[in-house]
Amino acid sequence: MIYSEKVMDHFKNPRNVGEIENADGIGEVGNAKCGDIMRIYLKVEDNIIKDVKFKTYGCGSAIASSSMATELIKGKTLDEAWTLTNKAVAEALDGLPPIKMHCSVLAEDAIHKAINDYRVKQGLEPYDMEDHS
Ligand code: FES
Ligand code: FES
């Protein structure tokens, strides 16, 4: 079996799928080569992620990693959520096959875009997308 039980669980029963109406931050990323798309919605209160939902046109690994990523950032501060890496998400899933690691990057990038969307809407400077610390 190339997929861990956790990957299969999050693929079959993904957490936090959907949209948030009047989201405070939305991030969308796409992979131009394959057409896969990931969208993340954030509800923020007092700098804390109160709710998060995602939608994706991506493969099972993209679904599982977004599901896990949303679970990991829910209830966290925006700064804590910013430091979540796709590697940490893959580890929380007990690993992803190497050729599927790029799918977990979609979730990380979409979370970063959603956080920056929120920051810009609040009149704050967006974080540097390349700075993952
Ligand atoms: Fe499109 Fe993996 S093939 S993100
Ligand atoms: Fe495209 Fe995984 S999201 S192959």
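Calculation rules
- Residues numbered from 1 in each chain as written.
- Chains lettered and ligands numbered in written order.
- Predicted model: local features only at pLDDT ≥ 70, side-chain atom pairs only at ≥ 80, totals over all residues.
- Pairing = 2+ DSSP bridges.
- Helix = DSSP H or I, 4+ residues; strand = E, 2+ residues; numbered from the N terminus.
- Axes fitted to C-alpha atoms, helices over the stretch in contact; angles between N-to-C directions.
- Contact = placed C-beta atoms within 7 Å.
- Buried ≥ 20, exposed ≤ 12 C-beta atoms within 10 Å, placed from the backbone.
- Expected span 1.5 Å × (residues − 1).
- Parallel < 35°, antiparallel > 145°, perpendicular 65-115°, else oblique.
- Left-handed = near helix turned anticlockwise from the far one by under 90°.
- Nonpolar A, V, L, I, M, F, W, Y, C, P; charged D, E, K, R; others polar.
- pLDDT = per-residue confidence, 0-100.

Let us look at the sheet that holds strand β1 (residues 25-30). Taken in spatial order, the three strands make up an open sheet running β1-β2-β3, and their pairing is antiparallel. Unpaired on one side and paired on the other, β1 and β3 (48-57) mark the two borders of the sheet. Going from strand to strand, the sheet's axes swing by 15° on average, the running direction of each strand aside. As defined by bridge partners, strand β2 (residues 37-45) adjoins β3 across nine bridges and the pair is classed as antiparallel. Bridge pairing in β3 links Tyr-41 to Lys-53. Packing of helix α2 (residues 60-73) onto the sheet brings it into contact with β2 and β3, and relative to β3 it is tilted by some 175°. Against the sheet, helix α5 (residues 101-121) engages β1 and β2, with an angle of about 145° to β1.

In the Ramachandran plot, Asn-16 falls in the positive-phi region, its phi being about 60° despite a non-glycine side chain. Tracing the backbone shows Asn-16 in the loop between α1 (5-12) and β1. Of note in the backbone geometry, Asn-47 takes a positive phi value of approximately 70° without being a glycine. Relative to the assigned elements, Asn-47 resides in the loop between β2 and β3. Judged by the 12 C-beta atoms lying within 10 Å of it, Asn-47 falls in the exposed class.

So, about α5. A rise of 1.5 Å per residue sets the reference length of α5, with its 21 residues, at 30 Å; its end C-alpha atoms lie 31 Å apart and thus fit the reference within 8%. Count one or two residues on from α5 and you reach Gly-123, which has phi positive near 80°.

Here we come to α2. For α2, which comprises 14 residues, the first-to-last C-alpha distance of 20 Å matches the rise-based estimate of 20 Å (1.5 Å per residue) to within 8%. Most of α2 sits inside the fold, with 11 of its 14 residues counted as buried. Taken residue by residue, α2 has Ser-61, Ala-62, Ile-63, Ala-64, Ser-65, Ser-66, Ser-67, Met-68, Ala-69, Thr-70 and Ile-73 as its buried positions. Against the buried residues of α2 lie α1, β2, β3, α3 (78-82), α4 (86-92) and α5.

Relative to β2, β1 runs antiparallel, the two being bridged by six bridges. Bridge pairing links Glu-28 to Arg-39 in β2. Remark: six residues form the turn of the hairpin made by β1 and β2, two consecutive strands paired antiparallel; Gly-35 in that turn has positive phi of roughly 85°.

This part is about the packing of α2 against α5. Contact geometry for α2 and α5: axes closest at 8 Å, N-to-C directions at 40°. Classed by the angle they form, the pair α2 and α5 counts as oblique. For the element pair α2 and α5, the recorded crossing hand is right-handed. Across from Ser-61, Ala-62, Ser-65, Ser-66, Ala-69 and Ile-73 in α2, the residues of α5 making contact are Cys-103, Ser-104, Leu-106, Ala-107, Glu-108 and Ile-111. Among the residues forming the contact of α2 with α5, the class breakdown is seven nonpolar, four polar and one charged.

Here the protein chain shows a mean pLDDT of 94. Residues at 70 or above account for 98%. In the model output, the complex is listed with pTM 0.94 alongside ipTM 0.88.

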